[in-house]
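Notes for the structure review
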Amino acid sequence: SRLIADAKADRNRRFQAIMSTAEYQEWRMRETGQTDWAAALRGFEPSSQELREIAAWRTEQADAAEAELAALVRDDSNDVVAYLALAHLYRERGEVGRALRIHQNLLLRKELASELRLRVQLALAKDLRAGGYRDRAIAAYREVLAASPGHSGAIDALIALLVEAEDHGAALDVVRSTGGWLRR
């Protein structure tokens, strides 16, 4: 029991260290007095040196986050949330293939709880979309909706993909059957 509590506390400390990548965003919002990230960036034109420094900082933070997440999944291969975070990091860095492999492997797990399975399916659909696999992404979003018919993120993404594919009839069918963009 004490060992489990220590492991959970260590895991939480690791996640807090990873989450510190938002420090720059918070700093910029404080500097401008804004409460909205987009508003904080309006009118902000960093010098080329600042851009290089920001890019280096982000790369350094992403590398540190990857190392922390890799350690988490190495320590506990059943930590699905850590795998999801690692795959998200890969997708954000443009390493869609790595993200796809993680999500596909997670879906092979028979013991995966239904709410986690839904999160993994949704993440897989995002990977496919980011990788340019539009037809497969459409199919993946349809699978998410089959499991959770009112999932607004999946509905919106599916409609957007169908419109992008110029399949307006199918997009309209999704809007009609789910309430789609009309529910707002």
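Refer to the structure printed above.
Reference entry: report on the structure contained in this document. In this text, all values refer to a predicted model and were calculated from it rather than measured experimentally.

1. Comments concerning the overall build of the protein chain
Scanning the protein chain for helices and strands turns up ten helices and zero strands. Ordered by position in the sequence, the α and β elements of the protein chain form the string α-α-α-α-α-α-α-α-α-α. Residue burial in the protein chain is summarised as follows: out of 184 residues, 35% are buried. Put simply, 46% of the contacts in the protein chain that link residues at least 6 apart link residues at least 24 apart. Summed over all atoms, the accessible surface of the protein chain reaches about 11,500 Å², with 51% contributed by carbon and sulfur.

2. Brief notes about the nonpolar core
Formed by 24 residues in total, the largest nonpolar core has its most connected members in Leu 128, Tyr 141, Ala 154, Leu 158, Ile 159, Leu 162 and Val 174. Taken together, the elements giving at least two residues each to this core come down to helix 6 (96-107), helix 7 (114-130), helix 8 (134-147), helix 9 (152-164) and helix 10 (168-178). Among the elements that line this core, the one with the most residues is helix 9, at seven residues. Filtering out sequence-adjacent residues up to four positions away, Leu 128 remains in contact with Leu 100, Tyr 133, Arg 136, Ala 137 and Ala 140. Among the nonpolar cores identified, the runner-up in size contains 17 residues, and Leu 69, Ala 87, Ile 102 and Ala 123 belong to it.

3. A short note on the packing of aromatic side chains
Following the criterion strictly, the structure yields zero aromatic pairs and no others. Above the ring of Tyr 133, the side-chain terminus of Arg 136 is found at 5.4 Å from the ring centroid.

4. A short note on the packing of helix 5 (residues 80-92) against helix 7
Contact pair helix 5 / helix 7: the axes reach a minimum separation of 11 Å and the direction vectors enclose 10 degrees. Taken together, the axes of helix 5 and helix 7 lie roughly parallel to each other. Residues Val 80, Val 81, Leu 84 and Arg 91 of helix 5 pack against Leu 116, Arg 119, Val 120, Ala 123, Lys 126, Asp 127 and Ala 130 of helix 7. Partitioned by chemical class, the residues of the contact of helix 5 with helix 7 number seven nonpolar, no polar and four charged.

Procedures and definitions
Residues numbered from 1 in each chain as written. Predicted model: local features only at pLDDT ≥ 70, side-chain atom pairs only at ≥ 80, totals over all residues. Heavy atoms only, no water. Helix = DSSP H or I, 4+ residues; strand = E, 2+ residues; numbered from the N terminus. Buried < 20%, exposed > 50% of the residue type's maximum accessible area, 1.4 Å probe, protein only. Contact = heavy atoms within 4.5 Å. Areas by Shrake-Rupley, 256 points an atom, 1.4 Å probe, with all protein chains shown as cover. Core = buried A, V, L, I, M, F, W, Y, C linked by side-chain atoms within 4.5 Å. Phe/Tyr/Trp six-rings, centres within 6.5 Å; stacked < 30°, edge-to-face > 60°. Lys NZ or Arg CZ within 6 Å of the ring centre and 35° of its normal. Axes fitted to C-alpha atoms, helices over the stretch in contact; angles between N-to-C directions. Parallel < 35°, antiparallel > 145°, perpendicular 65-115°, else oblique. Nonpolar A, V, L, I, M, F, W, Y, C, P; charged D, E, K, R; others polar.

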